[in-house]
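# Examining the three-dimensional arrangement
Residue strings, one per chain:
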Amino acid sequence: MSDYKEMWSSLGLDLETHDAVLNLVGKTYQDVFLSQNNRPKGMEYFDFVVSEIHGLRIKELLDAKAEGRKIVGTFCVFVPEEIVLAVNAICVGLCAGAELGFEAAEEYIPRNTCSLIKSAFGFKLAKVCPYIEATDLIVGENTCDGKKKAYEAYGNIVDNLYIMDIPQMKSEAGRALLKSEYKKFADKLEEITGVKLTVENLKKGIETVNNKRKAILRLANLRAANPVPISGLDVLLANQVYFYDNPERFTASVNAICDELEQRIEKGEGVFPKDAPRILLSGCPMAIPNWKIPNIIETSGAIVVGEEMCTGERGSQKLTNDNANTVDQLLDNIVDRYFQIDCAVFTPNQTRYEHIKEMAKKYKADGVLHYSLQFCQPYQIEAISVEKNLEKEGIPVLNIETDYSQEDIGQLKTRIEAFIERLKK
Ligand code: SF4
Ligand code: SF4
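Quick caveat: nothing in here was measured; it's all calculated off a predicted structure.

Calculation criteria
- One numbering rule holds for all chains: residues counted from 1, following each sequence as written.
- Whichever chain is written first becomes A and whichever ligand is written first becomes 1, with later ones labelled in order.
- It should be noted that, the model being predicted, local features are given only for residues of pLDDT at least 70 and side-chain atom pairs only at 80 or more, the latter also being counted only at that level, while totals for whole chains, interfaces and linings use all residues.
- Only the C-beta atom, placed from the backbone, is used; a residue is near a molecule or strand if that atom lies within 6 Å of it.
- The split into domains, and so the bounds of each, comes from an automatic or database assignment of domains.
- In the scheme used here, Gly and all other residues not listed as nonpolar or charged are polar, with Ala, Val, Leu, Ile, Met, Phe, Trp, Tyr, Cys and Pro taken as nonpolar and Asp, Glu, Lys and Arg as charged.
- We treat two strands as partners when DSSP finds at least two bridges between them.
- Strands here are runs of E lasting at least two residues and helices are runs of H or I lasting at least four, both read from the DSSP assignment and numbered beginning at the N terminus.
- Seen with its strands pointing away from the viewer, a crossover is right-handed if its path from the first strand over the helix to the second goes clockwise.
- Neighbour counting defines burial: a residue surrounded by 20 or more other C-beta atoms within 10 Å of its own C-beta is buried, one with 12 or fewer is exposed, and intermediate counts give partly exposed, using backbone-placed C-beta atoms.
- Whether two residues are in contact is decided by their C-beta atoms, placed from the backbone, lying within 7 Å.
- Note on geometry: axes are C-alpha line fits, over the in-contact stretch for helices, and angles between N-to-C directions span 0 to 180 degrees.
- By convention the nonpolar core is taken to be a set of buried residues drawn from Ala, Val, Leu, Ile, Met, Phe, Trp, Tyr and Cys and joined through C-beta atoms within 7 Å.

Surveying the vicinity of ligand 2 reveals the residues Cys114, Leu116, Ile117, Cys144, Gly146, Lys147, Cys284, Leu373, Cys376, Pro378 and Tyr379. Residue assignment places the shell around ligand 2 across two domains, with domain 1 (5–196) and domain 2 (204–229 + 236–318 + 343–424) each supplying three or more.

Every residue lining ligand 1 is accounted for by Cys76, Val77, Phe78, Thr143, Cys144, Pro285, Cys310, Ile341, Cys343 and Val345. Of the residues that constitute the shell around ligand 1, the class distribution is 9 nonpolar, 1 polar and no charged. Both of domain 1 (5–196) and domain 2 (204–229 + 236–318 + 343–424) provide at least three residues apiece to the shell around ligand 1.

Another aspect to go through is the pairing of strand β8 (residues 397–402). Bridge count for strand β7 (residues 367–373) against β8 is 6 bridges, and the pairing is parallel. Directly across from leucine 369, in β8, lies its bridge partner leucine 398. Each parallel crossover has a hand, and for β7 linked through helix α18 (residues 377–392) to β8 it is right-handed.

Moving on to the environment of isoleucine 296. By the secondary structure assignment, isoleucine 296 is in helix α14 (residues 292–298). The buried category is assigned to isoleucine 296, around which 21 C-beta atoms lie within 10 Å. For the pair formed by isoleucine 296 and threonine 414, sequence separation is 118 residues and the distance between their alpha carbons is 9.7 Å. Among all residues touching isoleucine 296, those that are not within four sequence positions of it are Ile409, Leu412, Lys413 and Ile416.

Attention now goes to the environment of glycine 155. Within the secondary structure layout, glycine 155 lies in the loop between α9 (145–154) and β4 (161–165). In the structure, glycine 155 is positioned 121 residues away from alanine 276 in sequence and 47 Å away in space, judged by C-alpha atoms.

Okay, the sheet that holds strand β6 (residues 303–308) next. Strand order in the open sheet formed by 4 strands is β6-β5-β7-β8, with parallel pairing between adjacent strands. At either end of the open sheet lies a strand with only one pairing partner, and these are β6 and β8. For this sheet the average axis-to-axis angle between neighbouring strands, irrespective of direction, equals 25°. Across 5 bridges, the pairing between strand β5 (residues 278–283) and β7 is parallel. The residue of β7 that forms the bridge with serine 282 is histidine 370. Its contacts with the sheet place helix α19 (residues 409–424) against β7 and β8, and it is angled at close to 170° to β8.

Grouped together as the largest cluster of nonpolar side chains are 135 residues, with contacts concentrated most on Ile83, Ala120, Leu219, Ala238, Ile279 and Leu280. Per-element accounting of this core gives the leading share, 7 residues, to helix α11 (residues 199–221). Per-domain counts for this core show at least three residues from each of domain 1 (5–196) and domain 2 (204–229 + 236–318 + 343–424). Not counting the four nearest positions on each side in its chain, leucine 219 is found in contact with Val235, Ala238, Val254, Ile257 and Cys258.

Taken in spatial order, the 4 strands make up an open sheet running β2-β1-β3-β4, and their pairing is parallel. Two strands close off the open sheet at either side, each with one partner strand: β2 (90–93) and β4. This sheet shows a mean twist of 30° between the axes of neighbouring strands, independent of strand direction. Examined bridge by bridge, strand β3 (residues 137–142) and β4 share 5 bridges and lie parallel to one another. If you follow asparagine 142 over to β4, its bridge partner there is aspartate 165. Set on the sheet, helix α10 (residues 172–193) makes contact with β3 and β4; between it and β4 the angle comes to about 160°.

Shown next as structure tokens:
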């Protein structure tokens with residue numbers, strides 16, 4: 001890696017803690033990813049991206065800022081990237097998947113807050129996230145109660161927070177709220193970038209994001225094959241990188257992997273034996289470097305064939321229709337697309353259950369592992385219905401509740417291995 005110390009210093013990072021974080025991520029990546037057998041050659045691109053996770057991409061963002069472009073940080077797939085790109089800004093995901101700075105975070109939010117929220121505070125307070133420091137605007141969205149209230153405290157530690165309200169019901173009023181929030185967001189973006197939304201730039205933004213979604217969905221679809229041509233870990237990584245890579249380069253790299261996998265499928269090649277139990281993951285998002293559960297599954301003889309998560313198909317399914325002649329109509333199309341996201345903060349949320357069932361069928365899953373973070377009420381409550389609904393239809397379910405610590409790995413492994421044994425019968 002080139003020497004980025006000066007760049008990190010200029011962003012105000014704590015170099016010592018930051019070095020320790022990068023070393024830990026590098027070591028974990030080596031153990032989890034590089035130890036896998038028969039990975040597609042195209043994954044070398046993602047190895048490079050991870051090795052430069054706080055290097056090259058940050059340099060690109062800072063170069064773009066020097067040219068006058070703005071960086072918008074997000075914590076949720078409800079923030080419409082199409083609009084961000086349309087005004088020539090860049091979208092980066094800020095969710096983190098590691099336990100860091102939690103003690104400092106607990107001075108702002110209670111101990112019983114989910115790890116996703118805590119890490120957003122921890123990474124800022126420990127001064128280890130160059131993405132947070134590179135942003136011109138951070139969007140906090142009112143989804144679950146935990147996030148909604150935590151953003152009030154987050155406003156004390158960052159000075160560029162923008163709050164977007166999100167409906168809780170899929171009603172006409174809910175849709176109208178989302179439309180008015182997206183309009184307000186567009187106004188804010190126009191104000192900070194000095195770029196007006198036009199039919200042309202909005203259509204271009206839609207096209208870029210749709211292409212990214214098409215590529216990641218193409219990758220997902222190839223996992224219906226048996227044997228599966230790529231590990232669940234590698235696909236999760238692509239889904240995680242989706243949130244901060246250059247969109248065009250990401251799309252091209254994922255499509256190149258898909259070309260390679262199609263050849264593998266033709267030759268009947270896979271990464272796991274044909275009879276390996278196939279597991280669908282469902283639940284809370286897994287932000288980088290949270291690879292704990294898929295790593296346990298795939299080192300226990302089973303393979304992950306899909307992710308019903310925001311770092312997976314819940315986030316990327318459905319394209320935005322670009323068939324319209326005015327900015328307002330295009331905004332309507334964007335609202336239509338995002339309004340279909342079946343996050344557990346919505347009530348009722350029937351389409352999520354249907355989507356899990358559809359995915360289990362499509363990817364020929366032998367069972368579903370439902371993953372919720374500790375203290376995440378929306379997903380923990382839905383986990384009970386997911387289990388009841390699917391078990392009734394003969395689909396075995398394992399409900400796992402965990403956090404970002406490594407202390408429960410032994411216990412999780414025992415439960416996951418027992419589940420895999422059940423799937424073999
Ligand atoms: S789970 Fe819900 S709140 Fe979290 S990123 Fe997804 S849509 Fe947003
Ligand atoms: S994991 Fe659950 S509690 Fe945490 S931010 Fe997401 S929805 Fe909220």
